[in-house]
Amino acid sequence: MSSGARQNENYEHVLMCLICRSLFDDFDHQPKFLPCHHTFCKDCLREYVRQSGDEIECPSCRKIANIPTAGVAALQTNFYVKYIQSLVSGTAGLTNNIR
């Protein structure tokens, strides 16, 4: 197994939705924070809210989360996931060398 494949496996739990197992992206699988700070993709949360209403249980910790009136899209996007994806792929775009 290559070191790159091994590195991706180490971050897999952070880079994919734990409900649908899809990698996060900037579209339907955009990573969204619940108030408990667990992250799921926008598409899965939309379906969960459609079935359960605007007050849902976090699939990870079971804490109650109130979805904003504007819907799942209004939840905070987890930009840390996007940054970790860029580090893993080697495209972080750092402009300064950190010593």
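Above: the structure in question.
All of the points below concern the structure found in this document. Small disclaimer: the values here were computed from a predicted structure and weren't measured. (Residues numbered from 1 in each chain as written. Predicted model: local features only at pLDDT ≥ 70, side-chain atom pairs only at ≥ 80, totals over all residues. Heavy atoms only, no water.)

So, about the overall build of the protein chain. From N to C terminus, the protein chain includes three helices and four strands. Ordered by position from N to C terminus, the α and β elements of the protein chain give α-β-β-α-β-β-α. For the protein chain, the residues scored as buried account for 29% of the 99 residues in total. Considering only contacts within the protein chain whose residues lie at least 6 apart along the sequence, 40% involve residues at least 24 apart. Carbon and sulfur atoms make up 49% of the accessible area of the protein chain, which amounts to about 6700 Å² in all. (Helix = DSSP H or I, 4+ residues; strand = E, 2+ residues; numbered from the N terminus. Buried < 20%, exposed > 50% of the residue type's maximum accessible area, 1.4 Å probe, protein only. Contact = heavy atoms within 4.5 Å. Areas by Shrake-Rupley, 256 points an atom, 1.4 Å probe, with all protein chains shown as cover.)

What follows is about the environment of isoleucine 67. Counting through the fold element by element, isoleucine 67 comes out in the loop between strand S4 (64-66) and helix H3 (79-89). Here isoleucine 67 falls in the buried class, since its relative accessible area comes to 8%. For the pair isoleucine 67 and valine 49, spaced 18 residues apart in the sequence, the C-alpha separation amounts to 8.0 Å. Setting aside residues no more than four positions away along its own chain, isoleucine 67 makes contact with Leu34, Val49, Asp54, Ile56, Val72 and Leu75.

Counting 17 residues, the largest nonpolar core has Leu34, Leu45, Ile56 and Ile67 as the members making the most contacts within it. Contributing elements (two or more residues each) for this core: strand S2 (39-41), helix H2 (42-52) and H3. Among the elements that make up this core, the one with the highest residue count is H2 (three residues). Among all residues touching leucine 34, those that are not within four sequence positions of it are Phe40, Leu45, Ile56, Cys58, Pro59, Ala65, Ile67 and Leu75. (Core = buried A, V, L, I, M, F, W, Y, C linked by side-chain atoms within 4.5 Å.)

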